[in-house]
Structure formats: structure tokens, C-alpha cells
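Listed here are the chains, written in short residue letters.
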Amino acid sequence: MATMSEDDVTTGLRTVQQGLEALREEHSTISNTLETSIKGVKDDEAPLPKQKLTQINDNLEKLMCGVNETSLMLMVFQLTQGVDAQNQKYQAQKRRLYQENAWLRDELSLTQANLQKSERMVAQLEEEIKHLTYMASIKKFDDGNQSDTKTTTDLGTQSVTSETLQDLGFGPEEEEDLNSCQYVQPTPLVSVATSQNESGDIIRIRNLQKLAQQHSSNGQNDIAAGLCKTILKDLVTCKIDSHQDRSTTLNLLANAYRDQHKYEEAAQVLNEALSIREKHLGEDHPEVAATLNNLAVLCGKRGKYEDGEILCKRALEIREKVLGDDHPDVAKQLNNLALFCHNQSKYGEAENYYKRSLKIYESKLGPDDPNVAKTKHHLSSTYMKQGKCKDAEELYKQILTRAHEKEFGQNSGENKPIWQIAEEREENKHKGENSSGNEQADCRNVPKVDSPTIIATIKKLEEIHRQQGKYQAAETLADVVLRAKKQHEPLRGRVLGNVDEMTQSMVGSTIGGSKLSSKHRLDSRTNR
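Residues numbered from 1 in each chain as written. Predicted model: local features only at pLDDT ≥ 70, side-chain atom pairs only at ≥ 80, totals over all residues. Heavy atoms only, no water.

**Some points on the overall build of the protein**
Consideration 1: The secondary structure content of the protein amounts to 20 helices and zero strands.
Consideration 2: Partitioning the intrachain contacts of the protein with sequence separation of at least 6 by distance along the chain shows that 69% fall at a separation of at least 24.
Consideration 3: Accessible area for the protein stands at about 28500 Å²; split by element, carbon and sulfur atoms hold 50% of it. (Helix = DSSP H or I, 4+ residues; strand = E, 2+ residues; numbered from the N terminus. Contact = heavy atoms within 4.5 Å. Areas by Shrake-Rupley, 256 points an atom, 1.4 Å probe, with all protein chains shown as cover.)

Written out as C-alpha cells, the structure reads:
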């Protein structure tokens, strides 16, 4: 006898049940007819009809019993199917937990190594602090040499303009490159120094700015904040009237406060920097827009989305006026504004902003630019909130397809993106085919999952497949993410370690509790 599938067994049971019910109805009709015909007849009369009636009633009871047993068998079979599906799900969770446990062990070993490295760095920084204290104590005795001062001045200027001021924003991944920025004009030392002593003070201050930035980028925000406060005091003590240096230092201090979760203090410092820039550069200067954007970021961290939206719109107006409507910086500002609308449930407005930003990125930077994929991911999240699951799924697939084509070339029969591989395995499962033999071969052409946007996209597509009941496809995507965690752990530490945590907190509270960390961040950017 050929092996029957689950669907064949279910169909057969239902057919038998329907047949038994039909026989029961037929016997019931015959029984009623015989009872009517022998009604009023004496016991010794018409023995044959009475014998038939007795036999039909016996058959009717057996049919009733058969119908009940068939219904019971059908219920038991359906329950067994549910138990098997649940068991399969638990087995998949067991495998995933085992893999995650192995990954956590590796991560623990890496963390222990990083802890030892940090302890060595602390000892080194303590020596640096002692050295800086000593240098400050002998500063008043250092007359300096004119030629040395001139050389140092040149080096100091180069350091400030090329390195010191590059990473002063709240978004390490979205900062502006000051070397390529057309509107940045570093303040010449000649204009702010009237004597050799003042020039030496400026060099020292800007070197301290560079040192503060290094400490901030290493996560040593207490030291960075202390250095910034020292710089601000020295600017007053040495009577150096440089709005450029003061606003730069204020931005550094706000950055340190932000990373320490001191959002009120960071906002106060940024407001002071904003006043300085508006006074000396004008209200429509791009640096003013950058400061407004960072103030909006802080509003988002504190849950003040309406205030953040107002600041973000003002920054957008400035950038549109100065840079034009189709500049990439305008697209980044549109992304920030869309996220504020998203967090206020203004999904229609957020969708429009994301679409406009996406159009700018694709036309100016090309379809392979990382900002294109990131914006598509944000737009998909907005679609999900509006119930447009098909549109969201289509965008997620576009992101993965583009990443695959960029690494492996045009799609073909043997060269398929991961989402298509996952769906084919789901189809093979329903057809009863064994796809385990091709599993290793299919996964060889999976693109490197070394981008937070790609990881977040795969996770969201996995969630959609689980909601649709496509568990095999979901498990395939989950395995890809787990492999990425182990294979790209060093890269993950560098990338995700610098992700702006304001975005994580805002998105985490918005997108169904999903941790897009990375996944849906504000483009917080600043100039200096």
C-alpha cells in the first residue's frame, strides 16, 4: 500500500464521515417509514416488517457509532498534526539556542580580552594625565622660541583643519567630512592671535581639542568632558575671542554629555553653541543647521518628538536654501524628519519624506549607496505600521537582491539571493522534497552580512515569513543571521559600537518592540 500524505488521510476521513452520515440519514428515513406502516398492527401480525425495523435500528446505532468514531479520529489526527508542528518549532528553537550559546561563549572570550586591553589603556591614560598636569604646571615658565612657535603653529593649524574637527557630531556614521565641505572656513590663527604667546595658547587648546575627541571616540567621556571644560576656561583666561574654537569645544562637550546620558546638560551646551553660530555665521548657515539637527536628536532621546520635529524642519529649510532641494545632505535631514513623524504615528508624512529622500539618494549617489538600502529599510518599517505588508516585503527583497547582485553579479538559475533560496526551501518542504542535500550549495552564494541594515532587513523578512506560517523560509534566514554574528564579530563590534543610541531607543519604542538597532537611526550630523 502506497504511503498516504497528511492531506490524503484528512480527505479520506472526511469522505468516510460524509458517507456514514448519508447512510445514517437513509436508515433513519426507512425506520420512520416502517414505524408508521406498522403503527396500530398487533404483535402477531406483520412479523416481517417488525423484523426489518429491528434490524434497521441496529444498523442505525452502528452507523451513529461509526460517525462518532470517524469524527473522533479526525479530531485526533488534526491534534497530532498540531503537536508535530509544535514539536518541529521547538526543535528549531533548540538548534538556534544551541548556536546562540556557542556564539555567546565566543563573545565572552572576546569581552574578557577587551577587558584586559581596557585595563592596560587605563594605566596608560593615568600616565598621560600626570604628564598633562606637569605640562600645565610649567606652562608659565615656557617662553618658547619664535622659530619653534612658528613651526608648531603650522602643524597645529593643519591638525585642526584636517583631523580635529571631523568627528564632532552625535552620529559617527553620518558625520560630515569637513575636508570636502565647501562652506567650512577654519579661522586663521593670524586673525585670533595678536602675539606669540596667544598663538601658543591656541595651539595648545586645539591639541587639547584633538585629545578630547580621541578620548570621546574611545568611550572615555569623563576625561573628554573634563578636557572640554578646561579648554573653555582657558579660552576665557587667555582672552581668546574665537567663536570657532568655542563652538567646536561646546560641541565636543555636548557629545560627551550625550554619551553619559546627561541629555539636559547636552541640550544646554548645544543651545549655547547655536547662539554663537547664529550670531557670528547667520541664521541660515549650514553649521547652524547641523547644530539644530543635533538639538533635535536630543529631543528625540528625551521623547520630545514634536519639539524635535520643529527643529528638524528648520534645519531642513536651511539646507534646502543653501544646498538645493536634491542634495544628499537634504536627504539625510529628510530621513531624520521622517523618523520624528514615524514616532508620532504620522506614518503618511513619514512615508512621503522617506520617498523623497530615497529619490535623492538614488539619483545623486546611485542605487548601490548604503543610504539607499537604509532608507528603503526605514520606508518598509513605515509600510508595516500602515498595514502595507506586501509593499514592505517587496522593499526588503529589493535590498537583499541588490546586495546579492553587487557581490555575485546578475541573478540566474544558480545565482539566487537568500530570500529566493528561503522561499524555494519552503516550497520544497510542502512538496515533500528533501532539500538538505542542496542546502550547503545554496548558502555558498549568500552575500556577506556585514551591514547593520542588511542584518535588520533579514530579521524583518524572517518575522514576516513567520507571520505567514512559512517556518522553513524563516529558519533559513535566521541561520544566515546567526552565521553572520560569528563570522563578522570583529566588524560588528566596530560598527554597532558606534551606532547612535538615540536611534535605538526611539525605534525600539516604535517598531513593535523590534530591536533595529541599528536598523532605524536618526542621521545626527554636525560640522565642528
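On we go.
**Some remarks on the pattern of salt bridges**
Consideration 1: Applying the stated criterion across every chain yields a total of 25 salt bridges.
Consideration 2: With a shortest N-O distance of 2.9 Å, arginine 204 and aspartate 234 are connected by a salt bridge. Separated by 30 residues along the polypeptide, arginine 204 in helix H5 (residues 196-217) and aspartate 234 in helix H6 (residues 221-237) bring together distant segments of the chain.
Consideration 3: Glutamate 351 serves as the salt-bridge partner of lysine 388, at 3.3 Å between the closest nitrogen and oxygen. Of the two residues, lysine 388 sits in the loop between helix H13 (370-385) and helix H14 (389-408) while glutamate 351 sits in helix H12 (residues 347-364), which places them 37 residues apart along the sequence.
Consideration 4: The class for lysine 388 is partly exposed, based on a relative accessible area of 30%.
Consideration 5: Residues joined in a network through salt bridges with shared partners are Arg96, Glu462, Arg466 and Glu475. (Salt bridge = Lys/Arg side-chain N within 4 Å of Asp/Glu carboxyl O. Buried < 20%, exposed > 50% of the residue type's maximum accessible area, 1.4 Å probe, protein only.)

**So, unusual backbone geometry**
Consideration 1: Even without being glycine, histidine 261 reaches a positive phi, approximately 65°.
Consideration 2: Unusually for a residue other than glycine, serine 345 sits at a positive phi of about 65°.
Consideration 3: Among the secondary structure elements, serine 345 is positioned in the loop between helix H11 (328-343) and H12.
Consideration 4: Taking relative accessible area as the criterion, serine 345 reaches 48% and is therefore assigned partly exposed.

**Details of the UniProt feature "repeat: TPR" (unreviewed entry) in the protein**
Consideration 1: As annotated by UniProt and renumbered to match this structure, "repeat: TPR" (unreviewed entry) occupies residues 247-280.
Consideration 2: Helix makes up 91% of residues 247-280 and strand 0%, and the two end C-alpha atoms of the span are 11 Å apart. (UniProt positions renumbered as here; feature names shortened; annotations may be inferred.)

**Details of the confidence of the model for the protein**
Consideration 1: Residue-level pLDDT values for the protein average 75, and 74% of them are 70 or greater.
Consideration 2: Between residues 436-443, whose pLDDT stays under 50, and residues either more than four places distant or in other chains, the model counts five contacts.
Consideration 3: This stretch, residues 490-528, has a pLDDT under 50; its non-local contacts, to residues over four places away or in other chains, come to 135 contacts. (pLDDT = per-residue confidence, 0-100.)

**Some thoughts on the side chain of serine 216**
Consideration 1: Checked against the element boundaries, serine 216 lands in helix H5.
Consideration 2: Only 3.2 Å separates the side chain of serine 216 from the side chain of asparagine 255, close enough to count as a polar contact.
Consideration 3: Aside from chain neighbours lying at most four places away, what touches serine 216 is Asn221, Ala224, Asn255 and Asp259. (Polar contact = N/O pair within 3.5 Å; in protein donor to acceptor, adjacent residues only side chain to side chain.)

**Focus on the side chain of asparagine 221**
Consideration 1: For asparagine 221, the position within the fold is in helix H6.
Consideration 2: Judged by relative accessible area, asparagine 221 falls into the buried class, the value being 10%.

**Regarding the packing of helix H8 (residues 263-281) against helix H9 (residues 286-301)**
Between two packed helices, what matters for the description is the angle formed by their axes and the separation of those axes.
Consideration 1: In contact at an axis separation of 9 Å, H8 and H9 are set at 160° when each is read in the N-to-C sense. Compared by their axis directions, H8 and H9 come out roughly antiparallel. Once H8 is placed against H9, the crossing between them reads as left-handed. Contacts between H8 and H9 involve Tyr263, Ala266, Ala267, Leu270, Asn271, Leu274, Arg277, Glu278 and Leu281 from the former and Glu287, Val288, Thr291, Leu292, Asn294, Leu295, Leu298 and Lys301 from the latter.
Consideration 2: Residue classes in the contact of H8 with H9 are distributed as ten nonpolar, three polar and four charged. (Axes fitted to C-alpha atoms, helices over the stretch in contact; angles between N-to-C directions. Parallel < 35°, antiparallel > 145°, perpendicular 65-115°, else oblique. Left-handed = near helix turned anticlockwise from the far one by under 90°. Nonpolar A, V, L, I, M, F, W, Y, C, P; charged D, E, K, R; others polar.)

**Concerning the state of the cysteines**
Consideration 1: Using the criterion set out here, one finds zero disulfides in the structure.
Consideration 2: Cysteine cysteine 341 shares no disulfide, and the gap to the nearest cysteine sulfur, in cysteine 312, comes to 8.6 Å.
Consideration 3: For cysteine 341, a relative accessible area of 0% gives the class buried. (Disulfide = S-S within 2.5 Å.)

**So, the packing of H13 against H14**
Consideration 1: With their axes 8 Å apart at the nearest point, H13 and H14 run at an angle of 165° to one another. With respect to H14, the element H13 is oriented roughly antiparallel. In this structure, H13 meets H14 at a crossing whose hand is left-handed. The segment H13 lies against H14, with Ala373, Lys376, His377, Leu379, Ser380, Ser381, Tyr383 and Met384 engaging Cys389, Asp391, Ala392, Leu395, Tyr396, Gln398 and Ile399.
Consideration 2: Across the contact of H13 with H14, the residue classes tally to nine nonpolar, four polar and two charged.

**A short note on helix H10 (residues 305-323)**
Consideration 1: The terminal C-alpha atoms of H10 lie 26 Å apart, and with 19 residues this matches the ideal 27 Å at 1.5 Å per residue to within 8%.
Consideration 2: Among all positions of H10, only Tyr305, Gly308, Glu309, Cys312, Ala315, Leu316, Ile318, Arg319 and Glu320 are buried.
Consideration 3: Count one or two residues on from H10 and you reach glycine 324, which has phi positive near 100°. (Expected span 1.5 Å × (residues − 1).)

**Quick word on the nonpolar core**
Grouped burial of nonpolar side chains is what soluble globular proteins tend to show.
Consideration 1: Ranked by internal contacts, the top residues of the largest apolar core, which has 39 residues, are Leu400 and Ile458.
Consideration 2: For this core, the elements supplying multiple residues, two or more each, are H10, H11, H12, H13, H14, helix H15 (418-431), helix H17 (452-467) and helix H18 (471-487).
Consideration 3: Here this core takes eight residues from H11, the largest share from any one element.
Consideration 4: Two domains each put at least three residues into this core: domain 3 (282-387) and domain 4 (391-427 + 447-487).
Consideration 5: In this structure, leucine 400 is in contact with Pro417, Ile418, Trp419, Ile454, Thr457, Ile458 and Leu461, ignoring residues within four places of it in sequence.
Consideration 6: Grouped together as the second largest cluster of nonpolar side chains are 35 residues, Leu250, Ala256, Ala267 and Ile276 included. (Core = buried A, V, L, I, M, F, W, Y, C linked by side-chain atoms within 4.5 Å. Domains from an automatic or database assignment.)

**Notes on a negative patch on the surface**
Consideration 1: A cluster of acidic residues, Glu6, Asp7, Asp8 and Asp84, forms a negative patch on the protein surface.
Consideration 2: Here the element with the most residues in the negative patch is helix H1 (residues 6-37); it accounts for three residues.
Consideration 3: Along the chain, aspartate 84 falls in helix H2 (residues 47-137). (Patch = residues over 30% accessible without salt bridge, like charges linked within 9 Å, V, L, I, M, F, W, Y side chains within 5 Å. Lys, Arg positive; Asp, Glu negative; His and termini not counted. Charge placed at Lys NZ, Arg CZ, Asp CG, Glu CD.)

**Quick look at H9**
Consideration 1: For H9, built from 16 residues, the straight-helix expectation of 22 Å at 1.5 Å per residue is met to within 8% by its first-to-last C-alpha distance of 23 Å.
Consideration 2: With 16 of its 16 residues buried, H9 lies for the most part within the structure.
Consideration 3: Of the residues one or two after H9, glycine 303 is the one with positive phi, at around 80°.

**Brief notes about the environment of leucine 104**
Consideration 1: Position of leucine 104 relative to the elements: it lies in helix H2.
Consideration 2: Counting along the chain gives 381 residues from leucine 104 to lysine 485, while the straight-line C-alpha distance between them is 9.9 Å.

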